Amino acid sequence: MARRRPQLTKVARAEERAAWLFLAPSLVLFAIFTAIPVISAFFISFTQWNLFNEVTWVGLGNYIALAHDEIFAKVLGNTGYFVLVSVPVQIALALACALALNRGLKGQTFFRVVYFLPVVTSTIAAALVWAWLFNSNFGLINAGLSLVGVTDLPKWMGSTRWAMPAIIIVSIWQNLGYAMVLFLAGLQNIGKDVHDAAALDGATGWDRFWHITLPLLSPTTFFVLVISIIGSFQVFELVLVMTKAGPANATNTLVYYIYQNGFQFYQMGYASAAAMVLFLIVLAFTLVQYKLQRRWVHYG
Amino acid sequence: MGKSVTDWVLFVVLLIGALLMSGPFVWMIATSFKPAAEVFQFPPTLFTADPQVDNYRRIFTTIPFGRAMANSLVVSVLVTLLQLITCSMAAYAFACLRFRGREALFLIYLAALMVPSQVTLIPNFIMIKTLGWIDTYQGLILPYAFSSFGTFLLRQYLKSIPAELMEAARIDGASHAQIYLTIVLPLAKPALGALAIFTFVAQWNNFLWPLITTTKPDMQVAIVALATLQGQYNTDWPLLMTGSVIAIVPVLLVFVFGNRAFIAGLTTGAFGGR
């Protein structure tokens, strides 16, 4: 029998064996809890299954049903609304905070910690407090609004118009600190000498921001953008605690819809198809951003 | 002069921002001491004249919250330890050893970072249910005993360890296990610390998986127990806020003591990946 591969030396073979031994625990867990489930999810999305009856193969049935599902269309629209509003606002605010907290102001460490605290808090605990703050009968927010003279107080979570903005506000509050920390790390990567040199050349603050800071920060901005978009597409806990997708599905989002179909209606096939749609959207967005990054991301 | 005025304005703006950011926490703590009736007053009070310390006893007697906190602790600590072991072993292989298929396998691990966890949720749930692992610790822990993120983070760090160090040890006759234990792990302490804190916090706050794989109140983790306290019709808000205060204490402790390492864990992805 001819050997196609060149013979490995004894040492190299030992190293190879060691490598697989070191990988074994992680590989087994990866296969069981990630690789096989991803493939299974793909196949389950072509079936009808409620966990108790026989599995029925329905081909593209679930996907066709999703395409005709009015609630799903609404869910996609809501998720898009959430992503389109929360991501840009969050990034702009985070960048502003990072710039402000990178100037060596008094109390800067204190501010950084306070702004970051919501990030480590569980979304459930945060959502519970905010649900209470936004309560239209006895919440602090409407109390504050009526104090400054607003008479037509929004019903927040009880209104199809204001429920989503309420969720967006909480999401921005919670995730702002994460993006801020990333921007701070990015700003610290930009040497002070670059700014000093530019200042010597007579560049004003705004000039320096637009022509030096922003371009040099673009790899960080790119990372924050990708992470924020991926994260926003998966909003779930805020919806669960604050509105339970209501009123009239006004705040139903992709992941909440997956949860509803899978774990409340036990439609595993339908839920899996929705999960595959989520996967494809996230994948498409990330790939498009990688393509576009060449136009605006400058690596030093 | 101009600069100091700008800084002054900035300081005031940041202070208002800090009030907005910390306000909900203050509100949470303030409400946890209120008598139930005071919660529905309009306009609301911030600090109650009649503080109810009893809320902090009631939360443990109304629901098995002590048990839930213990469950959270057991699950989070074990998940963290297991991830440190499995991720560091895999990272050692990826960063320091040569084997066929290394690049391809690493790419597969990286690709897994892109998969939303909701995609694997249903198959994993079906598997846990089939195994009879609903309401068990292994069901809560094992799916998280490994992570692509942790492997990636540690591999990036291990890549920076000079190869000469390990080669010298090889020449002295050290086995791979010895090199991993006596050279690599001690040198990787900062990265391991970052991963540990990051994993603990993420696991403590993990909600959807424990929600669907536990049915008995005795097996619930703290965060799930909190969510179930929010009733359909009547919500005991002071009790809920008391539970929320208690449930974030462990995370705050970890964050305060491991602030630096935690931030390192968060920002590695942004800059280590290049």
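Thresholds, definitions, all that
- For every chain, the first residue of its written sequence is number 1, and the numbers climb from 1 along that sequence.
- Whichever chain is written first becomes A and whichever ligand is written first becomes 1, with later ones labelled in order.
- The model is predicted, so local features are restricted to residues of pLDDT at least 70 and side-chain atom pairs to those at 80 or more, both for listing and for counting; the totals for chains, interfaces and linings are taken over all residues.
- Calculated side-chain values reflect all of the structure's heavy atoms, with hydrogen atoms and water omitted.
- Note on conventions: DSSP H or I runs of at least 4 residues are helices, E runs of at least 2 residues are strands, and numbering of each starts at the N terminus.
- Radius of gyration means the value over C-alpha atoms here, while the globule rule gives 2.2 Å times the residue count to the 0.38 power.
- When checking whether two residues touch, look at their non-hydrogen atoms; a contact exists if any pair is within 4.5 Å.
- Charge convention: Lys and Arg are scored as positive, Asp and Glu as negative, and His as well as the terminal groups of each chain are ignored.
- Lys charges are placed at NZ, Arg charges at CZ, Asp charges at CG and Glu charges at CD.
- To count toward a patch, a residue needs a relative accessible area over 30% and no salt bridge; like charges are then connected within 9 Å, while nonpolar side chains (Val, Leu, Ile, Met, Phe, Trp, Tyr) are connected within 5 Å.
- Using a 1.4 Å probe, the Shrake-Rupley method yields the accessible areas, and only the shown protein chains count as cover for residues.
- In the sections that follow, a salt bridge refers to a side-chain nitrogen of Lys or Arg positioned within 4 Å of a carboxyl oxygen of Asp or Glu.
- Points on a 1 Å grid over protein atoms alone make up a cavity when a 1.4 Å probe fits among them but cannot get out, and a pocket when they form an open set with protein on both sides within 12 Å along at least five of seven lines; lining residues each have an atom within 4 Å of a point.
- Grid points are joined across faces, edges and corners, and a volume is the space filled by probe spheres set on the points.
- Only Phe, Tyr and Trp rings are paired, with Trp represented by its six-membered ring, and only when their centres lie within 6.5 Å; those with planes under 30 degrees apart are stacked, over 60 edge-to-face, the remainder tilted.
- Values labelled buried area give the accessible surface lost by two parts on being combined, using a 1.4 Å probe and summing over both.
- Polar contact criterion, stated in full: a pair of N or O atoms within 3.5 Å, where within protein one must be able to donate a hydrogen and the other to accept it, and residues adjacent in sequence count only if both atoms are side-chain atoms.
- Polar here means any residue outside two lists: the nonpolar Ala, Val, Leu, Ile, Met, Phe, Trp, Tyr, Cys and Pro, and the charged Asp, Glu, Lys and Arg; Gly therefore counts as polar.

### Some details on the overall build of chain A
(1) Moving on: Per the secondary structure count, chain A includes 12 helices and 2 strands.
(2) Moving on: The C-alpha radius of gyration of chain A comes to 25 Å, more than 25% above the 19 Å expected for a compact globule of 300 residues.
(3) Moving on: If one aligns the C-alpha atoms of chain A with their principal axes, the spans along those axes are about 80 × 55 × 35 Å.
(4) Moving on: Within chain A, counting contacts between residues at least 6 apart in sequence, those at least 24 apart form 67% of the total.
(5) Moving on: Measuring between centres, the 18 positive side-chain charges of chain A sit 7 Å from its 11 negative side-chain charges.

### Some details on a nonpolar patch on the surface
(1) Moving on: On the surface, a cluster of nonpolar side chains totalling about 610 Å² of accessible area is made up of B:W8, B:F11, B:V12, B:L15, B:I16 and B:L20.
(2) Moving on: With respect to the element layout, B:F11 can be found in helix α1 (residues 2–32).

### Some remarks on empty space enclosed by the protein
Residue and element names in this part refer to chain B.
(1) Moving on: This structure, assessed with the given rule, holds 1 cavity of 30 Å³ or more.
(2) Moving on: Size it by volume and the largest cavity reaches roughly 50 Å³.
(3) Moving on: What lines the largest cavity is S72, V75, S76, L140, Q203, W204, N206, P210 and V221.
(4) Moving on: Broken down by secondary-structure element, the contributors of at least two residues to the lining of the largest cavity are α3 (65–96) and α10 (189–205).
(5) Moving on: The dominant element in the lining of the largest cavity, judged by the number of residues it contributes, is α3, at 3 residues.

### Focus on the packing of aromatic side chains
(1) Moving on: In the structure shown here, the tally under the stated rule is 49 aromatic pairs over all chains.
(2) Moving on: With centroids separated by 5.3 Å and ring planes inclined at 35 degrees, the aromatic side chains of B:F33 and B:Y56 adopt a geometry described as tilted. Pair noted here: B:F33 is in the loop between α1 and α2 (55–62) and B:Y56 is in helix α2, with a separation of 23 residues, a long-range link.
(3) Moving on: A connected cluster of aromatic rings, assembled from ring pairs, spans A:W20, A:F30, B:F94, B:F99, B:F106, B:Y109, B:F146 and B:F152.

### Re the interface of chain B and chain A
(1) Moving on: Listed per partner, the contact involves 88 residues of chain B and 87 residues of chain A.
(2) Moving on: In total, chain B and chain A occlude about 8,000 Å² of area from one another, counting both sides; carbon and sulfur atoms represent 79% of this.
(3) Moving on: At the boundary of chain B with chain A, the tally comes to 3 salt bridges.
(4) Moving on: B:R100 is the salt-bridge partner of A:E16, the closest N and O atoms lying 2.6 Å from each other.
(5) Moving on: Between the two partners, chain B and chain A, sit 11 residue pairs in polar contact (both at pLDDT 80 or more).
(6) Moving on: At 18 residues, the largest contribution of residues to the side of chain B that touches chain A is made by α1(B).
(7) Moving on: When its residues are assigned to classes, the side of chain B that touches chain A shows 65 nonpolar, 17 polar and 6 charged.

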